[in-house]
Amino acid sequence: MKKYLLLSVFVLFMFSGTLGFAKDYKDAEPVLKELILSLEKFVGGLEKAETAPAIAAALTEYTKAMNGFALRFKKIIKKYPELSDEKTHPESLKPLTLKMEEITKKLFKVFGKITANVSDPEVKAALDEMNKASAKMHGDENEEGEEK
């Protein structure tokens, strides 16, 4: 009887221990949701934009949003490198990654508005700022204000 009790406790301990090490990605979800929301707004802004100032405004709004979550996104990618490759996206985040793919497809369709207006100084400046914000999300360098 004692042997079975000891074995049961050992099996329960091992089972609960393996569950404790599983990644749940709960800290990644809010950051990914924020990214998705900002991308949706950006794509919507570009879809409506008919002039260079409107395109620049959409770029600027998206850049502000990216600057708000860039360092958190970078930390999530560092913590969960499997999020960087679509082949290794975790099943638990599949709804979010599918939504991101859907929005990215829409972005490719309207991105031509930016390239068609890149000679406009306001659009070019806004695009440059967006690229800087994007680098904060993906760069390896230690950004100013980043927690260690």
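Given the structure is predicted, the values throughout are model-derived calculations rather than measurements.

Along its length, the chain carries six helices and zero strands. Shown N-terminal to C-terminal, the secondary structure of the chain runs as helices and strands in the order α-α-α-α-α-α. When each of the 148 residues of the chain is scored for burial, the buried share is 33%. Long-range contacts, defined here as pairs at least 24 residues apart, represent 79% of the contacts in the chain between residues at least 6 apart.

On to unusual backbone geometry. In this structure, Y25 is a non-glycine residue whose phi angle is positive, near 60 degrees. Within the secondary structure, Y25 is located in the loop between α1 (2-20) and α2 (28-48).

This brings us to the confidence of the model for the chain. For the chain, per-residue confidence averages 81 on the pLDDT scale, and 78% of positions sit at 70 or higher. The low-confidence segment residues 1-22, where pLDDT is below 50, has zero contacts with residues more than four positions distant or belonging to other chains. Taken together, the stretch residues 141-148 has pLDDT below 50 and engages in 14 contacts with residues farther than four places along the chain or on a different chain.

Moving on, we come to the packing of α2 against helix α3 (residues 52-79). α3 packs onto α2 with a crossing angle of 170 degrees between their chain directions and a minimal axis gap of 9 Å. Viewed along their axes, α2 and α3 adopt a mutual orientation that is roughly antiparallel. Here A28, V31, L32, E34, L35, S38, L39, K41, F42, G45 and L46 of α2 lie close against α3, whose contacting residues are I55, A58, L59, E61, Y62, A65, F69, R72, F73 and I76. The residue inventory of the contact of α2 with α3, partitioned by class, reads 15 nonpolar, two polar and four charged.

A few words on the nonpolar core. Ranked by size, the top nonpolar core spans 37 residues in total, and within it L35, F42, L46, L59 and I114 carry the most contacts. When contributions to this core are tallied by element, the ones reaching two or more residues are α2, α3, α4 (94-110) and α6 (121-138). Residue contributions to this core peak at eleven residues, all from α3. With sequence-adjacent residues up to four places away left out, L35 is seen in contact with Y62, F69, F73, M100 and M137.

So, about the environment of L98. Relative to the helices and strands, L98 is located in helix α4. The partly exposed category is assigned to L98, whose relative accessible area is 46%. Put simply, L98 and E86 are twelve residues apart on the chain and 9.9 Å apart in space, counted from C-alpha to C-alpha.

Its 21 residues give α2 an end-to-end C-alpha distance of 30 Å, which sits within 8% of 30 Å, the value for a rise of 1.5 Å per residue. Among the residues of α2, those classed as buried are A28, E29, V31, L32, L35, I36, S38, L39, F42, V43, G44 and L46. In this structure, the buried side of α2 is in contact with α3, α4, α5 (112-116) and α6.

Before going further, it helps to examine α3. Between its first and last C-alpha atoms α3 spans 39 Å; for 28 residues at 1.5 Å apiece the expected length is 40 Å, and the two agree. Of all the bends in α3, the greatest measures close to 50 degrees and is centred on F69.

Criteria and thresholds
- Residues numbered from 1 in each chain as written.
- Predicted model: local features only at pLDDT ≥ 70, side-chain atom pairs only at ≥ 80, totals over all residues.
- Heavy atoms only, no water.
- Helix = DSSP H or I, 4+ residues; strand = E, 2+ residues; numbered from the N terminus.
- Buried < 20%, exposed > 50% of the residue type's maximum accessible area, 1.4 Å probe, protein only.
- Contact = heavy atoms within 4.5 Å.
- pLDDT = per-residue confidence, 0-100.
- Axes fitted to C-alpha atoms, helices over the stretch in contact; angles between N-to-C directions.
- Parallel < 35°, antiparallel > 145°, perpendicular 65-115°, else oblique.
- Nonpolar A, V, L, I, M, F, W, Y, C, P; charged D, E, K, R; others polar.
- Core = buried A, V, L, I, M, F, W, Y, C linked by side-chain atoms within 4.5 Å.
- Expected span 1.5 Å × (residues − 1).
- Bend = angle between axes of the 7 residues up to and from the residue.

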